[in-house]
Amino acid sequence: EGMALPQRILFPPEKICMDWQQRQRPGAGLCNLGSTCYINVILQCLTYTPPLANYLLSRDHSQLCHQQGFCMMCIMEAHVRKVLRSSANVIWPRAVVKDLKFIGEEFEPDMAGDAYEFLRCALEAMQIACLSGSSNVDISSQTTTIIHQIFGGFLKSRVTCLRCQAVSDSYKSFLHVLLDIKVPSSLTTALENFVAPKKLDGKCCLKCSKCEKKVISSKRITVHRVPKVFTVCLERAADHTGKKISKIVEYPEYLNLRPYMSDTAGEPLLYSLYALVVHSGDTCLDGHFFCYTKASNGLWYKMDDESVDSCGIHAVLRQQAYLLFYAR
């Protein structure tokens, strides 16, 4: 509906398995190699993303990969195997830190970084790795890689002219959603604000194709197609100075995305929380990252660099969350 169909399917969606194919105790903790806690939390959250871990453990990527030099999928495959399959209690994520510059130019091994930025760059690097060897892939087909089939959805942007009521729709793929939490006190309120219509006037006026001039209009963004894994960043940076919004924003263990869809009628779209990242510190420019993940045995663990400690869901739901990972 209004979206171009992909010419090729790069990864068949029916091959994605949302449930763990093997159940076991949690894997190893990760050594902090200086200021790498922001990397460790993302590596752990990705390791405990069941459809991604199932695929990486199958070694399907590396068996067919012809990439010379850096390949983020091969690095992640080796990392996840090491964490979940070796008997070690602590793993050194040296391969990731060694190739940090290829993941994102802004990252330095001995400098603190932001977990959301690292997640963004890691997913992008995995997406590029999935496209290597596929030349001339149209934009729609690029959203059919294993990475987009797991983390990717589509947003619909509808602009309505408030003078003649003409409607214009556009679509954009996403791998994660950034939510404003300056006012909202819960994830659901933040999502309601995200999909609420915004008035475009003054400098923001857009040209209406029917009126043929700039007019006051209304813009509404909705989730048009849901991802299998819904990844949310609660934007804690108050402004560019690094000032932090430290309030608790409530988030549920189970989330229904149906109210935030373009089509709100129909079955509930239920998601279950399986990982979250917490930032502790007074400003966004310093402090420490740790995370909570649900292992394949169905139990929750607090993962703080080298340490992996079991915990209950009540502790998980009481955190000052920064990133939230929900699986369909």
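See the structure above.
Residues numbered from 1 in each chain as written. Predicted model: local features only at pLDDT ≥ 70, side-chain atom pairs only at ≥ 80, totals over all residues. Heavy atoms only, no water.

Considering the side chain of Arg258
Checked against the element boundaries, Arg258 lands in the loop between β11 (254-256) and β12 (270-280). No salt bridge is formed by the buried Arg258. Its closest oppositely charged neighbour is Asp263, at 4.8 Å. A polar atom in the side chain of Arg258 sits 2.7 Å from the backbone oxygen of Glu267. Once you skip the residues sitting within four places of it in the chain, Arg258 turns out to touch Asp263, Thr264, Ala265, Gly266, Glu267, Pro268 and Leu269. (Helix = DSSP H or I, 4+ residues; strand = E, 2+ residues; numbered from the N terminus. Buried < 20%, exposed > 50% of the residue type's maximum accessible area, 1.4 Å probe, protein only. Lys, Arg positive; Asp, Glu negative; His and termini not counted. Salt bridge = Lys/Arg side-chain N within 4 Å of Asp/Glu carboxyl O. Polar contact = N/O pair within 3.5 Å; in protein donor to acceptor, adjacent residues only side chain to side chain. Contact = heavy atoms within 4.5 Å.)

What about helix α1 (residues 37-47)?
Taken across its 11 residues, α1 has 11 buried, putting it largely inside the fold. Within the span of α1, buried status applies to Cys37, Tyr38, Ile39, Asn40, Val41, Ile42, Leu43, Gln44, Cys45, Leu46 and Thr47.

What to know about the pattern of salt bridges
Inspection of the entire model under this criterion finds 5 salt bridges. We note a salt bridge from Glu108 to Lys101, for which the minimum N-O separation is 3.2 Å. Residue Glu108 is classed as partly exposed on the basis of its relative accessible area of 32%. Residue Lys101 is classed as partly exposed on the basis of its relative accessible area of 43%. Put simply, Lys156 and Asp169 hold a salt bridge, and the shortest N to O gap is 3.7 Å. Taken together, the positions of Lys156 in strand β3 (residues 153-161) and Asp169 in strand β4 (residues 167-174) put the pair 13 residues apart, joining distant regions of the chain.

Examining the nonpolar core
Counting 64 residues, the largest nonpolar core has Met73, Phe118, Ile147, Val277 and Leu323 as its most contacted members. At 11 residues, helix α7 (residues 115-131) tops the list of elements feeding residues into this core. (Core = buried A, V, L, I, M, F, W, Y, C linked by side-chain atoms within 4.5 Å.)

As for the pairing of β4
In this sheet, β4 lies alongside β3 in antiparallel orientation, the contact comprising 8 bridges. Directly across from Val159, in β4, lies its bridge partner Ser168. (Pairing = 2+ DSSP bridges.)

As for the packing of helix α4 (residues 72-85) against α7
Where α4 meets α7, the axes come as close as 7 Å, and the angle between the chain directions of the two elements is 110°. Taken together, the axes of α4 and α7 lie roughly perpendicular to each other. Residue-level inspection shows Met72, Met73 and Met76 of α4 in contact with α7, the latter providing Ala122, Ala125, Met126, Ala129 and Cys130. (Axes fitted to C-alpha atoms, helices over the stretch in contact; angles between N-to-C directions. Parallel < 35°, antiparallel > 145°, perpendicular 65-115°, else oblique.)

Observations regarding the packing of aromatic side chains
Within this structure, the stated rule accounts for 10 aromatic pairs. Centre to centre, the rings of Phe11 and Tyr55 are 5.3 Å apart; their planes meet at 85°, and the pair counts as edge-to-face. Taken together, the residues Phe11 in the segment before β1 (29-30) and Tyr55 in helix α2 (residues 50-58) connect sequence positions 44 residues apart. No difference in accessibility class separates Phe11 from Tyr55, as the two residues are buried. (Phe/Tyr/Trp six-rings, centres within 6.5 Å; stacked < 30°, edge-to-face > 60°.)

Some words on the packing of α1 against α4
Between α1 and α4, the least distance of the axes is 10 Å, while the angle of their chain directions is 80°. Put simply, α1 runs roughly perpendicular to α4. The residues of α4 that touch α1, namely those facing Leu43, Gln44, Leu46 and Thr47, are Met76, His79, Val80, Val83 and Leu84. For the contact of α1 with α4, the per-class residue count stands at 6 nonpolar, 3 polar and no charged. (Nonpolar A, V, L, I, M, F, W, Y, C, P; charged D, E, K, R; others polar.)

Comments concerning the sheet that holds strand β9 (residues 217-225)
Spatially, 4 strands are ordered β4-β3-β9-β6 in an open sheet, and the strand pairing comes out antiparallel. At either margin of the open sheet sits one strand with a lone partner, and together these are β4 and β6 (198-200). The mean inter-strand angle of the sheet, taken between neighbouring strand axes irrespective of direction, is 30°. When β6 meets β9, the two strands line up antiparallel, connected through 3 bridges. Looking across to β9, one finds that Leu200 is bridged to Ser217. Taken strand by strand, helix α10 (residues 187-195) contacts β3, β6 and β9, and its axis lies near 125° from that of β9.

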